[in-house]
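So you can see what is in the structure, the chains are spelled out below.
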Amino acid sequence: MKNDGGTLRIANRIFETRLYNYFLTTDEAQNSELFIFASDDKSQFVQNGHLNMELV
């Protein structure tokens, strides 16, 4: 990790993805307005557990 002008940069893509997924599971993130909006919008693209490419 490094500070790049006030932005955190992570060189390892796998570690970056794991951190991203972790922070999305926190109570604060799941109760945010943006998370709730995105969750509501997600259902129109995912049907029966699969991404509907025609809608995307």
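To start, this report covers the structure provided alongside it. (Residues numbered from 1 in each chain as written. Predicted model: local features only at pLDDT ≥ 70, side-chain atom pairs only at ≥ 80, totals over all residues. Heavy atoms only, no water.)

1. So, the overall build of the chain
Then, in step 1: Within the chain, the secondary structure is distributed over three helices and four strands.
Then, in step 2: Reading the chain from its N end, one meets helices and strands in the order β-β-α-α-α-β-β.
Then, in step 3: Taken over the C-alpha trace, the chain has a radius of gyration of 15 Å; the compact-globule value for 56 residues is 10 Å, which it surpasses by more than 25%.
Then, in step 4: Viewed in the frame of its principal axes, the chain has a C-alpha envelope of about 40 × 25 × 20 Å.
Then, in step 5: In the chain, buried positions account for 2% of the 56 residues.
Then, in step 6: Each charge class in the chain can be summarised by its mean position, and for the 5 positive and 8 negative side chains these summaries are 13 Å apart. (Helix = DSSP H or I, 4+ residues; strand = E, 2+ residues; numbered from the N terminus. Rg over C-alpha atoms; globule rule 2.2 N^0.38 Å. Buried < 20%, exposed > 50% of the residue type's maximum accessible area, 1.4 Å probe, protein only. Lys, Arg positive; Asp, Glu negative; His and termini not counted. Charge placed at Lys NZ, Arg CZ, Asp CG, Glu CD.)

2. Observations concerning the packing of aromatic side chains
For any two aromatic rings, the description comes down to two numbers: the centre-to-centre distance and the angle of the planes.
Then, in step 1: The full count for this structure, using the stated rule, is one aromatic pair.
Then, in step 2: A ring pair is formed by Y22 and F23, whose centres lie 5.1 Å apart and whose planes are at 65°; its orientation type is edge-to-face.
Then, in step 3: Relative accessible area serves as the criterion here: at 51%, Y22 is assigned to the exposed category. (Phe/Tyr/Trp six-rings, centres within 6.5 Å; stacked < 30°, edge-to-face > 60°.)

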